[in-house]
Structure formats: structure tokens, C-alpha cells
Amino acid sequence: MDAERLTPLTLLRAYAMGIFPMAESRHDPRIFWVNPRKRGIFPLEGFHISKSLARTIRRGRFRICTDSAFDHVVECCADRPETWINAEIFRLYRQLFDLGHAHSIEVWQDDILAGGVYGVTLGSAFFGESMFSRRTDASKVALAYLVDRLRIGGFTLFDTQFLTDHLASLGAIEIEREDYLSRLERAVNRDANFDRAWPIPEPQLLLQRSTQTS
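Below is a summary of the structure that appears in this document. (Residues numbered from 1 in each chain as written. Predicted model: local features only at pLDDT ≥ 70, side-chain atom pairs only at ≥ 80, totals over all residues. Heavy atoms only, no water.)

### Quick word on the pattern of salt bridges
Opposite charge on two side chains permits pairing when their charged atoms draw close.
Here's step 1: Enumeration over the complete set of coordinates arrives at twelve salt bridges.
Here's step 2: Residues Asp111 and Arg63 are paired through a salt bridge, measuring 3.8 Å at the closest nitrogen-oxygen approach. Residue Asp111 is found in the loop between strand S5 (102-109) and strand S6 (112-122), and its partner Arg63 is found in strand S4 (residues 63-66); the two are separated by 48 residues along the sequence.
Here's step 3: Arg183 is paired through a salt bridge with Asp179; the nearest N and O atoms lie 3.1 Å apart. Taken together, the residues Arg183 and Asp179, both in helix H7 (residues 177-188) and four residues apart, mark about one turn of the helix. (Salt bridge = Lys/Arg side-chain N within 4 Å of Asp/Glu carboxyl O. Helix = DSSP H or I, 4+ residues; strand = E, 2+ residues; numbered from the N terminus.)

### Considering the environment of Leu205
Here's step 1: The topology assignment puts Leu205 in helix H8 (residues 203-213).
Here's step 2: Put simply, Leu205 and Ala114 are 91 residues apart on the chain and 22 Å apart in space, counted from C-alpha to C-alpha.

### A few points about the environment of Leu206
Here's step 1: Position of Leu206 among the secondary structure elements: in helix H8.
Here's step 2: Note: C-alpha distance between Leu206 and Phe126 (80 residues apart in sequence) is 19 Å.
Here's step 3: Apart from the residues within four sequence positions on either side, Leu206 is in contact with Ile57, Ala144, Tyr145, Asp148 and Pro201. (Contact = heavy atoms within 4.5 Å.)

### Remarks on the packing of helix H2 (residues 51-59) against helix H5 (residues 138-153)
Here's step 1: Closest axis-to-axis distance for the H2/H5 pair is 10 Å, and the angle between their directions is 80°. Put simply, H2 runs roughly perpendicular to H5. For the pair H2 and H5, the contacting residues are Leu53, Thr56 and Ile57 in the first and Lys140, Val141, Ala144 and Tyr145 in the second.
Here's step 2: Among the residues making up the contact of H2 with H5, the classes are represented as five nonpolar, one polar and one charged. (Axes fitted to C-alpha atoms, helices over the stretch in contact; angles between N-to-C directions. Parallel < 35°, antiparallel > 145°, perpendicular 65-115°, else oblique. Nonpolar A, V, L, I, M, F, W, Y, C, P; charged D, E, K, R; others polar.)

### Quick word on the packing of aromatic side chains
Here's step 1: Scanning all chains against the criterion turns up ten aromatic pairs.
Here's step 2: When the centroid spacing of 5.7 Å and the interplanar angle of 85° are considered together, the rings of Phe70 and Tyr118 count as edge-to-face. Highlighted residues: Phe70 in helix H3 (residues 70-78) and Tyr118 in strand S6, separated in sequence by 48 residues. Summarising the burial analysis for this pair, Phe70 and Tyr118 share the class buried.
Here's step 3: An angle of 80° between the planes, with centres 6.3 Å apart, marks the rings of Phe155 and Phe194 as edge-to-face. Taken together, the residues span a long stretch of sequence, with Phe155 in the loop between H5 and strand S8 (157-161) and Phe194 in the loop between H7 and H8 at a distance of 39 residues. (Phe/Tyr/Trp six-rings, centres within 6.5 Å; stacked < 30°, edge-to-face > 60°. Buried < 20%, exposed > 50% of the residue type's maximum accessible area, 1.4 Å probe, protein only.)

### Points about H2
Here's step 1: Taken together, the buried positions of H2 are Leu53, Ala54, Thr56 and Ile57. Seen from one end, H2 has its buried residues packed into an arc of 160°, which puts them on one side. Opposite the packed face of H2, turned more than 90 degrees from it, sit the exposed residues Lys51 and Arg59.
Here's step 2: Taken from the residues just after H2, Gly60 is the one with a positive phi, measuring 65°. (Arc of directions from axis to C-beta.)

### Here's the deal with unusual backbone geometry
Here's step 1: Residues other than glycine seldom take positive phi values, yet Asp67 does so here, at roughly 55°.
Here's step 2: Here Asp67 is to be found in the loop between S4 and H3.
Here's step 3: One non-glycine residue, Asp110, lies in the positive phi region at around 55°.
Here's step 4: Among the secondary structure elements, Asp110 is positioned in the loop between S5 and S6.

Take a look at the structure:
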């Protein structure tokens, strides 16, 4: 596909139809659309916080922020030997961020970005794009705070694109395309709010809310 013809609006329309873009590598300028037969999702009431992860959150050794370093999070997600994030995809997500349709959760330790996750919002759907971790459990902590944010904001669908063993251990499941598209249609036609000024909950409150909804 000619990446120069892609716009943020085209990207949002694609997400609304259940497809998303990828590149073969960082240096390949071409973009192709992906429409998996089986889709990974996080049931928002089923995110699993293990005892060890709860201890990490309770200790408060990480500082959590949202939308404070979006570019940095995407760059860190792409900083690996193989990545589907090329320059054009980075540009498009940066534009979606400027439009309020992309967000990131950042996990800091000693003023160093230790982990994070970013994704796209449309209606009450959140499309998780990528995450990274440079400290033990940092990406898991980012996901825990993200799920809490989505619950509070009225989101109904957390799309993980694919299901991995790592995501499954945290409560993600895999559903058929038809089921996904049905959930997607309802989600994109419902309002939700990912407020950039949301108050970061204290660790104990986060864990308490997670227990109440799991």
C-alpha cells in the first residue's frame, strides 16, 4: 500500500472495520492491513493481578503517568531487533495522539522510562498497539493502570490484536472474528472518556478496585 495516502481518518475507519496496519520491518516503508481470524481481547472485568504483581504495585517503586511521553513510549516499543513500527506508522500514531485518539501509560523509575503501553481509542474501544518493559513487571504495571483507566472511563472493549502466553497469564482471551466484530460495532458507537488529566490512583486504591471487579 502507498503509505503516503494514509491519513489518521483512514486509520480510524480501518479500526472501526476491525483491521489494523503493520509494516514488515522498521526500514520497510510499505504498510499492510491485518484482519486476524481470531482476536485477542482483555475482558475488562477479568484482568488478573497476581500476588507478586500486587506486591510490586503496593511497594510504589514506580511513578505512573499518562500521555506525558507518548513519542518516547512508541520509540521504546519499536526499539527491538524486529518491529512492525516503521516511520510512517509512527507518524500516523503521533497524529492520532494530537487528535486525542491515541494514548500512552508511562511507568517511570528514578526518572527513567521503565515501561509503558500505548494504543488507539475510538468510541468505547481501546486498541492496544504495543508495550515494552525495561524493568521487571513494568509493562504489567502499565497494563494494570490502563485497565483501571478504561474501566473508570466507560470503555467496553480492550483489543490486544493477538493473544500471547504473556497476555493470557494476565487474563486475556481469544475470540472468533465474528464475535469480535459484533463487540466492536457496539463499542465504537458508545461514548467513553480517556481523560488526559485523570487522577492516578494510589496503589492500594488500584488494587482494591481490581479486587472488586475481578
